[in-house]
Amino acid sequence: EDVLYFRADSKYTAVVTAYEELLLRSSLRELAEALDPNRFRQVHRSTIVNMQAVASVSREDTGRGVLRLKHRSETLVVSQPFMSLFRGM
């Protein structure tokens, strides 16, 4: 519940919460198989986000999206193929 998103970081995966960032020694692909697909969704080839942590999403002219999170100031890029997850949001 505390995890906002996971980001691929070379041989590791960064686990980002509202207060800290940790590294795991597993790939994003391995991690994705173990996560609840109703809560966590891949939004970019290098990012999996906790959908409950999303505050808003906007679309750029290029078709890709930008996610704003509820508890962090940084934004996350959503690749164009994953934008369909956010229809109606």
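Residues numbered from 1 in each chain as written. Predicted model: local features only at pLDDT ≥ 70, side-chain atom pairs only at ≥ 80, totals over all residues. Heavy atoms only, no water.

Asker: What is the right way to look at the sheet that holds strand β8 (residues 75–78) in this model?
Answerer: Hydrogen bonds between backbone atoms are what pair the strands of a sheet, whose relative direction is either parallel or antiparallel. Ordered by their spatial adjacency, 3 strands build an open sheet running β6-β7-β8, and the pairing between neighbours is antiparallel. One side of each edge strand has no neighbouring strand; the edge strands of this open sheet are β6 (54–59) and β8. Put simply, the sheet's adjacent strands are angled 25° from each other on average, direction ignored. Pairing of strand β7 (residues 65–69) with β8, which is carried by 4 bridges, proceeds in the antiparallel orientation. Directly across from Val66, in β8, lies its bridge partner Val77. (Pairing = 2+ DSSP bridges. Helix = DSSP H or I, 4+ residues; strand = E, 2+ residues; numbered from the N terminus. Axes fitted to C-alpha atoms, helices over the stretch in contact; angles between N-to-C directions.)

Asker: Looking at this model, I keep getting lost on the environment of Glu20. Mind explaining?
Answerer: Position of Glu20 among the secondary structure elements: in the loop between β2 (12–17) and β3 (21–24). Of the residues examined, Glu20 reaches a relative accessible area of 43% and is grouped as partly exposed. Distance from Glu20 to Val3, taken between C-alpha atoms, is 9.6 Å for residues 17 residues apart in sequence. If near-sequence neighbours (up to four positions away) are discounted, Glu20 is found in contact with Val15 and Arg72. (Buried < 20%, exposed > 50% of the residue type's maximum accessible area, 1.4 Å probe, protein only. Contact = heavy atoms within 4.5 Å.)

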